[in-house]
Amino acid sequence: MDLYIGNKNYSSWSLRAWLMAAKSGVQFNEVLLQLDTDSFYQQLNAISPTLKVPTLVDGDITVWDSLSICEYINDTYLSGTAWPQDPKQKAKARSLACEMHSGFNAVRNALPMNIRASRYVELTDAVRKDIERIDAIWSTQMAEFAPSQDKGAWLFGQWSIADMMFAPVVMRFITYGIEVSQASRAYMQYVINCPEMQAWINAAKAETEIVEADEAGVDR
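This report concerns the structure included in the present document.

1. What about the overall build of the protein chain?
Inference 1: The number of helices and strands found in the protein chain is nine helices and six strands.
Inference 2: Expected size for 220 residues packed as a compact globule is a radius of gyration near 17 Å; at 17 Å, the protein chain falls within 12% of this value.
Inference 3: Classification of the 220 residues of the protein chain by burial places 53% in the buried group.
Inference 4: By sequence separation, contacts in the protein chain at least 24 residues apart represent 72% of the contacts at least 6 residues apart.
Inference 5: For the protein chain, the exposed surface amounts to about 10,200 Å²; the carbon and sulfur share of it is 48%.
Inference 6: Here the protein chain contributes 19 positively and 27 negatively charged side chains, and the mean placements of these two sets differ by 6 Å.

Structure below.
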């Protein structure tokens with residue numbers, strides 16, 4: 001299995017698919033491509049119809065969407081265990097994952113993932129609205145599944161695809177110093193402490209490439 005990803009410092013979509021593959025324990029070959037380069041598109045030209053990352057190639061199957069990659073790994077290698085097993089909780093987890101996958105455009109545009117940086121960005125009303133909704137999601141889930149406000153947990157107790165979808169948002173909020181509730185801060189810390197996330201963060205900080213389009217804000 002080959003997983004094509006972009007720069008770990010910037011590529012939020014890649015993080016979702018990579019974290020899913022890493023958490024699953026499935027053996028995969030990471031193919032790291034440099035964003036905004038000619039070689040990026042040349043290498044993807046024969047692989048992905050969208051010329052975007054992440055793209056997963058597993059034998060004769062190609063999957064080119066982060067949520068679809070998570071679903072594929074879950075269905076093929078994990079017997080569906082990366083969703084909550086209770087039908088009602090599973091429906092909620094899928095709803096949250098899809099909400100993140102298709103929404104929160106204000107946060108995406110204003111606060112690009114940039115793990116190496118510590119930045120300040122003036123927040124618009126639209127961005128604040130997105131942040132409030134994300135904070136509400138995290139704090140609600142922590143109220144149900146975390147042992148206390150100071151000790152985080154995965155959104156549904158055990159890690160799920162929903163956590164994979166929100167992992168880059170955790171990194172965004174850290175970079176831009178976004179204020180959230182105590183329960184949400186506990187969730188963020190829990191995600192950061194995950195060994196696979198630590199591996200990604202360390203690799204991101206070791207990168208030196210600059211993608212100007214994702215260098216938002218001013219240094220804090």
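2. Focus on the environment of serine 79
Inference 1: Relative to the assigned elements, serine 79 resides in the loop between helix H3 (66-77) and helix H4 (87-102).
Inference 2: By relative accessible area, which is 67% here, serine 79 ends up exposed.
Inference 3: Residues serine 79 and valine 31, spaced 48 residues apart in sequence, show a C-alpha to C-alpha distance of 26 Å.

3. Quick look at unusual backbone geometry
Inference 1: For the bond from valine 53 to proline 54, the omega torsion is 5 degrees, close enough to zero to count as cis.
Inference 2: Within the fold, proline 54 resides in the loop between helix H2 (38-45) and strand E3 (55-58).
Inference 3: Although it is not a glycine, phenylalanine 104 adopts a positive phi angle of roughly 55 degrees.
Inference 4: Within the element layout of this structure, phenylalanine 104 appears in the loop between H4 and helix H5 (105-110).
Inference 5: When its relative accessible area of 8% is taken as the criterion, phenylalanine 104 is described as buried.

4. Re the side chain of serine 66
Inference 1: Examined against the element boundaries, serine 66 turns out to sit in helix H3.
Inference 2: Its relative accessible area of 2% is what places serine 66 among the buried residues.

What counts, and at which threshold
Residues numbered from 1 in each chain as written. Predicted model: local features only at pLDDT ≥ 70, side-chain atom pairs only at ≥ 80, totals over all residues. Heavy atoms only, no water. Helix = DSSP H or I, 4+ residues; strand = E, 2+ residues; numbered from the N terminus. Rg over C-alpha atoms; globule rule 2.2 N^0.38 Å. Buried < 20%, exposed > 50% of the residue type's maximum accessible area, 1.4 Å probe, protein only. Contact = heavy atoms within 4.5 Å. Areas by Shrake-Rupley, 256 points an atom, 1.4 Å probe, with all protein chains shown as cover. Lys, Arg positive; Asp, Glu negative; His and termini not counted. Charge placed at Lys NZ, Arg CZ, Asp CG, Glu CD.

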